[in-house]
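Spelled out from the first residue to the last, the chains are:
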Amino acid sequence: MDSNDLQIIESDDGLIADVRSMIEQTREGVARTVNAGMTLLYWRIGRRIQVEVLKNQRAEYGKEILATLSQELTTDFGRGFSYSALTRMVRFSEVFDEAEIVATLSRQLGWSHFKEIIPLKDDLQREFYAEMCRVERWSVRTLRKKIDSMLFERTAISKKPDEVAKAELADLRAEDQLTPDLIFRDPYILDFLGLRDRYLEKDLEDAILRELETFLLELGQGFTFQARQFRIPIDSDDFYLDLLFYHRGLKRLIAIDLKLGDFKPEHKGQMELYLRWLAKHEQQPGENPPLGLILCAGKKEEQIELLELDQSGIHVAEYLTALPPRELLQKKLHAAIALSKARLENKEGENA
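Residues numbered from 1 in each chain as written. Predicted model: local features only at pLDDT ≥ 70, side-chain atom pairs only at ≥ 80, totals over all residues. Heavy atoms only, no water.

Enquirer: Would you mind going over the packing of helix α6 (residues 123-136) against helix α9 (residues 162-175) with me for this structure?
Expert: In helix packing, the relevant descriptors are the interaxial angle and the interaxial distance, both defined with respect to the helix axes. Running from N to C, α6 and α9 point in directions that differ by 25 degrees, and their axes come no closer than 10 Å. Regarding the angle of α6 to α9, the classification is roughly parallel. The way α6 lies across α9 gives a crossing that is left-handed. Touching L124, E127, F128, E131, M132, R134 and V135 of α6 are D162, A165, K166, L169, A170, L172 and R173, all from α9. Here the residues of the contact of α6 with α9 are counted per class, giving 8 nonpolar, no polar and 6 charged. (Axes fitted to C-alpha atoms, helices over the stretch in contact; angles between N-to-C directions. Helix = DSSP H or I, 4+ residues; strand = E, 2+ residues; numbered from the N terminus. Parallel < 35°, antiparallel > 145°, perpendicular 65-115°, else oblique. Left-handed = near helix turned anticlockwise from the far one by under 90°. Contact = heavy atoms within 4.5 Å. Nonpolar A, V, L, I, M, F, W, Y, C, P; charged D, E, K, R; others polar.)

What follows is the structure in structure tokens.
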């Protein structure tokens, strides 16, 4: 084989790769366009049925029209327009009542995503999962896992008054602007670490680094690992931060300190020292000030409230090395949300 033959083969390989790439990109684009179009169609069908049923103001009429319409559409267009499917479309138009929002979301979310979100009972829950799914480009499987692990209930935004939470989600929708309240969660589920009942702080850190990819998934999208046992020299003393991460969306360094026992007030001073040193020596131009995350086995809410940790850029969260039954976790989270909202309302009342 001479050099000309080799050049032809190499040229053919490049041509084949380019054409394959063109075909795959076009197919993906067509699939996204079709998917968005079908999602909008389902919303429009749901809205049209909703208007018709409301016009007659009879629940029985709604059931009758859905049954008749389902039969006709299935005959004309095949599967996909069953009674339950049409019911879901109506519900879709009820819980997402603005066509413009649906059009924006459907560029990233498929109908399968919406099918997971529609049954959720709380408006803020649905909005949270839809917007985070859009921004972080979750697959349907990832979305399902986030819902099953009660991600919304574990984020700080769920513990805020509804008006504040809605404002933050509106900013996320308008500007893709992530806030720490959308990023940090409590508790963190670290059951994948495989830790037994007794372990040292170093064992916890080693296990996290061993399962770093899974730990990053639990932290959330946007985190990148920077260092472990990060040295912080101050005067003649050396301090060591357990874990250092960077979050692309927040444009901040995230310092993580691991504690085996309950949170103690002195942990605040230690983390403040780390954050101020990082701001002075590691923060780059254009970045926001570093934030701290203290992961501990337990915490006392009133201590944390009195210390006003949020003003120092410090978040305290529990970690669970074993996943409790869903009912128990749900009960605990709902109690924490209710308590936090009540405290915020009382604080607002005192300041009024």
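Enquirer: How should I be thinking about unusual backbone geometry in this particular structure?
Expert: As a rule of thumb, non-glycine residues mostly have phi less than zero, and peptide bonds are mostly trans rather than cis. With an omega dihedral of 0 degrees, the bond running from D186 to P187 counts as a cis peptide bond. Assignment of secondary structure puts P187 in the loop between α10 (180-183) and β1 (188-189). A positive phi angle, near 55 degrees, is found at R137, a position not held by glycine. When you line up the elements, R137 lands in the loop between α6 and α7 (140-148). Positive phi values are uncommon outside glycine, yet Q229 reaches one of about 45 degrees. Mapped onto the elements of the fold, Q229 is located in strand β2 (residues 223-234).

Enquirer: Got a minute to help me understand the pairing of strand β4 (residues 252-258) in this structure?
Expert: Successive side chains on a regular strand alternate, one facing one side of the sheet and the next facing the other. By the criterion of burial, β4 is predominantly enclosed, with 7 of the 7 residues buried. Judged by which residues are buried, β4 turns out to be covered on both faces: R252, I254, I256 and L258 on one side and L253, A255 and D257 on the other are all buried. The pairing of strand β3 (residues 237-247) with β4 spans 5 bridges and is antiparallel. Note on β4: the bridge partner recorded for Y246 is L253. Between β3 and β4, which pair antiparallel and follow one another directly, the connecting turn spans 4 residues, one of which, K251, has a positive phi of 55 degrees. On the question of chirality, the crossover connecting β4 to the parallel strand β5 (residues 291-296) by way of helix α13 (residues 266-281) is right-handed. (Buried < 20%, exposed > 50% of the residue type's maximum accessible area, 1.4 Å probe, protein only. Pairing = 2+ DSSP bridges. Right-handed = clockwise from strand over helix to strand, strands pointing away.)

Enquirer: I'm lost on the pairing of β5 in this one. Help?
Expert: For β5, the tally of buried residues reaches 6 of 6 residues, placing the bulk of the element in the interior. Because side chains alternate across β5, one face comprises the buried residues L291, L293 and L295, and the other comprises G292, I294 and C296, equally buried. Judged from the 5 bridges that link them, β4 and β5 form a sheet pairing that is parallel. When the bridges of β5 are listed, I254 appears paired with L291. Across 5 bridges, the pairing between β5 and strand β6 (residues 314-320) is parallel. Bridge pairing in β6 links G292 to I314.

Enquirer: Please explain the packing of aromatic side chains as it appears in this structure.
Expert: Following the criterion strictly, the structure yields 13 aromatic pairs and no others. Here the aromatic rings of F96 and F114 are separated by 5.5 Å at their centres, their planes lie at 85 degrees, and the arrangement is edge-to-face. With F96 in the loop between α3 (83-95) and α4 (99-105) and F114 in helix α5 (residues 111-117), the pair connects residues that are 18 residues apart, well separated along the chain. When sorted by exposure, F96 lands in the same class as F114, which is buried. Measuring from centroid to centroid gives 6.3 Å for F223 and F245, while their planes differ by 85 degrees, and the two rings are edge-to-face. One end of the pair, F223, is in strand β2; the other, F245, is in strand β3, and 22 residues separate them in sequence. Side by side, F223 and F245 carry an identical accessibility label, which is buried. (Phe/Tyr/Trp six-rings, centres within 6.5 Å; stacked < 30°, edge-to-face > 60°.)

Enquirer: Explain the sheet that holds β1 to me, please; I cannot follow it from the model alone.
Expert: What holds strands together in a sheet is hydrogen bonding between their backbones, with the strands either parallel or antiparallel. The strand order across the open sheet built from 6 strands is β1-β6-β5-β4-β3-β2, with neighbouring strands paired in mixed fashion. Edge positions in the open sheet fall to β1 and β2, since each of these has one partner strand only. Most of the contacts of α13 go to β2, to which it runs at about 100 degrees, and overall it touches β2, β3, β4, β5 and β6.

Shape descriptors only; they carry no functional weight alone.
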